[in-house]
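What follows is the residue order along each chain.
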Amino acid sequence: MLGAAAFSSAVASGMRLPLPVLAKTARRRMQMLPSVPSPLSPPRASASSAAAGDTDRKPWLLVGLGNPGKLYQGTRHNVGFEMIDVIAEAEGISLSSMRFKAMFGKGCICDVPVMLAKPTTFMNLSGESVGPLVSYFNIPLNQVLLMYDDLDLPFAKLRLLPKGGHGGHNGALRSPPLPPFPSNLPRRRLATRASADGGNGAADPRQFDFDLFTIGAGSGGVRASRFAATYGAKVAICELPFSTISSESAGGVGGTCVLRGCVPKKLLVYSSKYSHEFEESRGFGWTYEADPMHDWSTLIANKNAELQRLTGIYKNILQNAGVTLIEGRGKIVDPHTVDVDGKHYTARHILISVGGRPNLPDIPGIEHAIDSDAALDLPSKPEKIAIVGGGYIALEFAGIFNGLKSEVHVFIRQKKVLRGFDEEIRNFVSEQMSLRGIEFHTEETPQAILKSSDGLLSLRTNKEMVDGFSHIMFATGRRPNTKNLGLEDVGVELAKNGAILVDEYSQTSVDSIWAVGDATDRLNLTPVALMEGAAFAKTVFGKEPTVPDYRAVPSAVFSQPPIGQVGLMEEQAIQEYGDVDIYTANFRPLKATLSGLPDRVFMKLIVCASTNKVLGVHMCGEDSPEIIQGIAIAVKAGLTKADFDSTVGIHPTSAEELVTMRNPTRKIRKDPSPAMIIRKNSDRVDYLLEALKVVFLLFHEGVLFDPCSANELSCSCKVCIQMELLLKSFMV
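Conventions and cut-offs
Every chain is numbered independently, its residues counted from 1 as its sequence is written. With the structure being a predicted model, the display of local features is reserved for residues of pLDDT at least 70 and the display and counting of side-chain atom pairs for 80 or more, all residues being used for whole-chain, interface and lining totals. With hydrogens and water stripped out, all remaining heavy atoms of the structure feed into the side-chain values. Put simply, a patch holds well-exposed residues, over 30% relative accessible area, that have no salt bridge, with like charges counted together within 9 Å and Val, Leu, Ile, Met, Phe, Trp or Tyr side chains within 5 Å. Here, Shrake-Rupley sampling with a 1.4 Å probe gives the accessible areas, and only protein chains in the shown set may cover a residue. We count a salt bridge whenever a side-chain nitrogen from Lys or Arg sits within 4 Å of a carboxyl oxygen from Asp or Glu. Strands are runs of DSSP state E lasting at least two residues, helices are runs of H or I lasting at least four, and both sets are numbered from the N terminus onward. For helices, the fitted line uses only the C-alpha atoms of the stretch in contact; every axis is such a line through C-alpha atoms, and the angle between N-to-C directions lies from 0 to 180 degrees. Oblique is the label for any angle not under 35 degrees, not over 145, and not in the 65 to 115 range, which are roughly parallel, roughly antiparallel and roughly perpendicular in turn. Helix crossings are classified by the rotation of the near helix relative to the far one: an anticlockwise turn of less than a right angle makes the crossing left-handed, while a clockwise turn makes it right-handed. Here, two residues are considered to be in contact whenever any of their heavy atoms come within 4.5 Å of each other. When residues are grouped by polarity, Ala, Val, Leu, Ile, Met, Phe, Trp, Tyr, Cys and Pro land in nonpolar, Asp, Glu, Lys and Arg in charged, and all others, Gly among them, in polar. Each cavity reported here is a set of points on a 1 Å grid over the protein atoms alone in which a 1.4 Å probe fits but cannot get out, each pocket an open set with protein on both sides within 12 Å along at least five of seven lines, and each lining residue one with an atom within 4 Å of a point. Grid points are joined across faces, edges and corners, and a volume is the space filled by probe spheres set on the points. Paired strands, as defined in this entry, are two strands with at least two bridges between them according to DSSP. Three labels apply to residues, based on accessible area from a 1.4 Å probe with only protein chains included: buried if under 20% of the type maximum, exposed if over 50%, partly exposed otherwise in between. Nonpolar cores are built from buried Ala, Val, Leu, Ile, Met, Phe, Trp, Tyr and Cys residues. Side-chain atoms within 4.5 Å join them into one set.

**Q** What is the right way to read a nonpolar patch on the surface from this model?
**A** Where nonpolar side chains cluster on the molecular surface, the patch consists of Phe 284, Trp 286 and Leu 594 and spans about 360 Å² of accessible area. Within the fold, Phe 284 resides in the loop between helix 9 (262-282) and helix 10 (296-320).

**Q** Can you help me understand the packing of helix 9 against helix 12 (residues 392-403) in this one?
**A** How two helices sit against one another is set out by the angle between their axes and by the gap between those axes. Relative orientation of the contacting elements helix 9 and helix 12 amounts to 40°, with a least axis distance of 7 Å. Classified by the angle between their axes, helix 9 and helix 12 sit oblique to one another. Considering only the axes of helix 9 and helix 12, their crossing is left-handed. When helix 9 is examined against helix 12, the residues Lys 265, Leu 268, Val 269, Ser 272 and Ser 275 are found in contact with a partner set consisting of Glu 396, Gly 399, Ile 400 and Gly 403. For the contact of helix 9 with helix 12, a count of residues per class yields three nonpolar, four polar and two charged.

**Q** Even after reading the chapter, I still don't get empty space enclosed by the protein, so can you show me in this structure?
**A** In this approach the atoms are scanned with a rolling probe the size of a water molecule, which exposes any empty space left behind. Tallied over the entire structure, the rule returns three cavities of 30 Å³ or more. Taken as a whole, the second largest cavity spans an internal volume of roughly 50 Å³. Lining the second largest cavity we find Pro 358, Asn 359, Asp 371, Ser 372, Ile 393, Phe 474, Ala 475, Thr 476, Gly 477 and Arg 478. Split into classes, the residues belonging to the lining of the second largest cavity amount to four nonpolar, four polar and two charged.

**Q** Where do I start with the sheet that holds strand 20 (residues 465-469) in this structure?
**A** Strand pairing in a sheet is mediated by backbone hydrogen bonds. Such pairs are either parallel or antiparallel. Here we have three strands laid out as an open sheet, ordered 18-19-20, and antiparallel in their pairing. Because the sheet does not close on itself, it has two edges, and the strands there are strand 18 (446-451) and strand 20. The average undirected angle you get between the axes of adjacent strands in this sheet is 20°. Relative to strand 19 (residues 457-461), strand 18 runs antiparallel, the two sharing five bridges. Within strand 19, the residue paired with Pro 446 across the bridge is Thr 461.

**Q** Sorry if this is basic, but what is going on with the pairing of strand 26 (residues 580-587) here?
**A** The side chains of a regular strand alternate between the sheet's two faces. The buried fraction of strand 26 is high, at six of eight residues. Here strand 26 pairs with strand 27 (residues 601-608) via eight bridges, running antiparallel. When the bridges of strand 27 are listed, Phe 587 appears paired with Val 601. As paired strands, strand 26 and strand 29 (residues 666-668) are joined by three bridges and run antiparallel to one another. Across the sheet, the residue bridging to Asp 581 is Lys 667, located in strand 29.

**Q** Help me out: how do you make sense of the pairing of strand 11 (residues 330-334) in this one?
**A** Relative to strand 12 (residues 337-340), strand 11 runs antiparallel, the two sharing four bridges. Of the residues in strand 12, the one forming a bridge with Ile 332 is Val 338. The hairpin formed by strand 11 and strand 12 contains two residues between the paired strands.

**Q** Which parts of the structure should I look at to understand the environment of Val 601?
**A** With respect to the helices, strands and loops of the structure, Val 601 is situated in strand 27. Given the relative accessible area of 3%, Val 601 is considered buried. Taking C-alpha positions, Val 601 is 5.5 Å from Phe 587, a pair spaced 14 residues apart along the chain. Other than its neighbours up to four places away in sequence, Val 601 contacts Phe 428, Ala 585, Asn 586, Phe 587, Pro 589, Met 619, Cys 620, Gly 621 and Ser 654.

**Q** Explain the nonpolar core to me, please; I cannot follow it from the model alone.
**A** Burial of nonpolar side chains together is a common tendency in soluble globular proteins. Residues Trp 296, Ile 387, Phe 397, Phe 401, Val 408, Val 429 and Met 473 are the most contacted members of the largest nonpolar core, which totals 38 residues. Mapped onto this core, the elements with two or more residues apiece are helix 9, helix 10, helix 11 (372-375), strand 15 (384-388), helix 12, strand 16 (407-411) and helix 13 (423-435). Looking at which element gives the most residues to this core, the answer is helix 12, with seven residues. Once residues lying within four places of it in the same chain are set aside, the contact partners of Met 473 are Ile 370, Asp 371, Ser 372, Ala 375, Ile 385, Ala 386, Ile 387, Val 388, Ile 393 and Phe 397. Counting residues in hydrophobic clusters, the runner-up holds 24 residues, among them Phe 213, Ile 332, Val 340 and Ile 513.

**Q** How should the sheet that holds strand 24 (residues 555-557) be read in this particular structure?
**A** Taken together, six strands build an open sheet; the order of strands is 24-25-28-27-26-29 and the sheet is antiparallel. Two strands bound the open sheet, and with one partner strand each, they are strand 24 and strand 29. Adjacent strand axes in the sheet meet at a mean angle of 15°, parallel and antiparallel pairs treated alike. Note: strand 27 against strand 28 (residues 614-620), six bridges, orientation antiparallel. When the bridges of strand 28 are listed, Lys 604 appears paired with His 618. Here helix 17 (residues 624-636) sits on the sheet in contact with strand 24, strand 25 (563-567) and strand 28, set at roughly 10° to strand 25.

Shown next, in the form of structure tokens:
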């Protein structure tokens, strides 16, 4: 028999079955179903009471999303429309009336009162129909079921999620006018196949200059463009002229990471570490007739030469892949047109990969401050520098200038540095940096910068005035570089901070426009942008829908000492798993025993108490980033503490401590009874079961999964098994 999942896929793949056949199949299956009341569900009404209009029972609103017009008929966009048509035919519900921009009808499914709706708006504007329907009929939000296509699912699958995923079709949740409309609607997601052209399921009759036009030749844009070209797409990419400092008119192939981020920063970190190594060397017998001297101009000249070499390599990569490189500033004119310095280019798809830029506060005297771009290309080394900010950029530059023998003051608004990192790591790194001579000013907010007649700067905060700075640097965050791109004019939705809103496939609210990297403000790391760019190319041009995997993404802070981390922090693990075991080690590394310096290493393992799975690893100390890259493989693979314990260590290394921590430092236990858990989530389970009753009883023989009784399904089809696992996940 043809089930709901198979039906959705059949429509999407062009296997068009006659509607009466589908309706007859659905009706026959409903007649075969036993009546199985659920303890969490209201009693069924009789057919006569339903027909008479049972006013005590609120109807369900079933909405099928799609796009009007011949262009979208028979495509994946209209699976929701097709589903509503099948239900209406099977139950004899007429959709002849129009209500709030929707074809509308009332009836019952298995004696459950329902209202069926097919919005006549385009999918990204369907909220203009759904919101008024919900408000007018006063329908509880847990009885609104949205049905639409979603490439997130494998072919021939169906999923029902209480929070769901927008799957690229955000209108029902975003379009005005809406009441306060939370995102926890039960939404039925129907799997489909991507069309051969990688587009919206219908071949666009227009001719374009390119299959893909990318704005921004940073890490994500270059990766996406190159991979798209290998799939046979005709690709162009535009980028501003090269400069070490970004502006409205300057950028460069390679983007932030290569030109004014990861690479040049790491080169300066290398340079600054030598002073510490010179100190260490004395304990190993080295003596110097004079203290080593550092020449800033040599460092900057060599760094810039390396950046020129790297941007040349990136240009060659694009050229060898057959990607057309266009120099200039790109701006979107319409969903398929990009203007580059007055010349228009058309493309079937447009990808935004413009990254981010430093964000400086609006305070008096801010014109005297520098940002991280400028700090990498100063004409002279700072003698005394104030760094405002407590994030990873601030700490990395504090270590750089401290190592180059500048006097460094760090001003942070919070009590601790690195908000969002593990608490013990935050404490440890600030202690170690303080021992190296960096002065931290906590809970201080900058209010003004003053410049004296001798050119020196003063920083006034809410607590004090500190004088005598040669430089004041702000590392107070970055913002997406999305201004003046024409995004709002063509309907691309942006967050308040300017980030481009995208779905899990990096598609924006405009079907032909996509975005990856820091411009989307998801997980702002260069390797993540590379992953997103590759997934985009595979989805759109490789005919293989691919969602970037953000699980267990490792990261590093190149402070001194550096930090490496992967997986959950302790607070996150407790909230998600409840019972966790914490293993920590704080020790003096072998090198420090002869150097006499106060260097230490801190390591932390977070382990699920019930499964023994390693949930997170955090480390601060020499070589932490290098060590964590290997550990990330183990965490990603889901290895257990027993796997770590059974691994032979390499001696003598700091890393061996990760496989020799035998006894937990502390055990954290939260043990609510199962009844408490069910009561806590009973509202979620309730409406999920109701949604199952309406939809799955329509197509599946077998009983509902009831977490309060049988705890199993009699139906063994893949869809029901998937739903059983989903429901079980809601019980914890």
